[in-house]
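Commentary on secondary and tertiary structure
Below are the chains, spelled out letter by letter.
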Amino acid sequence: MRSRYCAFVLRNGAYLSDTIAAEKRGAFDAKSIERDQTDWIGLEIIDCKAGGLLDQTGQVEFIARFNEHGQHHHLHERSSFERRAGKWVYVDGDFPNANGIKPGAAPHRVGRNDPCPCGSGKKFKKCCG
């Protein structure tokens, strides 16, 4: 997770593409990451489940803070990862507090064409999806 956050900060779309599950790569636009002007300002890991040396799946809950168009935003996500061919890849994520859902409630799945819950104003598929 931390390496993917660093890739967003460094606008390294190639790394992000390499660390996303193969079935998700078709919808991922690495070039848009390289052109993105988001100012990432911090990552807070809230929880981490599994992901050890012997695990094949893992989950990381985090809050990433950023500035965009002069406004402060945050992205609160619970990301799922799988080890495939010995390498960890991002599979999907949900947004625990999207649309007013309280912590601990069932996660809300955001559709590809829904507004991104990070508040950027972009569609989810063009932003954090």
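Relevant structure appears above.
Residues numbered from 1 in each chain as written. Predicted model: local features only at pLDDT ≥ 70, side-chain atom pairs only at ≥ 80, totals over all residues. Heavy atoms only, no water.

1. Considering the nonpolar core
- Counting residues in each nonpolar core, the largest one holds 9 residues, listed as A7, L16, I20, F28, A30, I33, V60, F81 and Y90.
- Residue contacts for Y90: discarding those within four places in its chain leaves R4, T19, I20, A21, E77, S79, S80 and F81.
- Ranked by size, the runner-up nonpolar core spans 7 residues in total, among them Y5, F66, L75 and F95. (Core = buried A, V, L, I, M, F, W, Y, C linked by side-chain atoms within 4.5 Å. Buried < 20%, exposed > 50% of the residue type's maximum accessible area, 1.4 Å probe, protein only. Contact = heavy atoms within 4.5 Å.)

2. Concerning unusual backbone geometry
- The phi dihedral of R11 is positive, around 60°, even though this residue is not glycine.
- With respect to the helices and strands, R11 occurs in the loop between α1 (2-10) and α2 (13-18).
- Phi angles above zero are rare outside glycine, and H69 is one such case at about 55°.
- Tracing the backbone shows H69 in the loop between β2 (57-68) and β3 (71-84).
- Assessed through its relative accessible area of 76%, H69 is described here as exposed. (Helix = DSSP H or I, 4+ residues; strand = E, 2+ residues; numbered from the N terminus.)

3. Observations regarding the pairing of strand β1 (residues 39-50)
- Here β1 runs beside β2; their pairing, made up of 10 bridges, is antiparallel. The residue bridging L43 from the neighbouring strand is A64, located in β2.
- Taking the residues between adjacent antiparallel strands as the criterion, β1 and β2 are bridged by 6 residues, where G51 takes a positive phi near 85°. (Pairing = 2+ DSSP bridges.)

4. Overview of the sheet that holds β2
- Ordered in space as β1-β2-β3-β4, the 4 strands form an open sheet in which the pairing is antiparallel. Where the open sheet ends on each side, the last strands, each with one partner, are β1 and β4 (87-94). With direction set aside, neighbouring strand axes in the sheet form an average angle of 30°.
- Most of the contacts of α1 go to β1, to which it runs at about 165°, and overall it touches β1, β2, β3 and β4. (Axes fitted to C-alpha atoms, helices over the stretch in contact; angles between N-to-C directions.)

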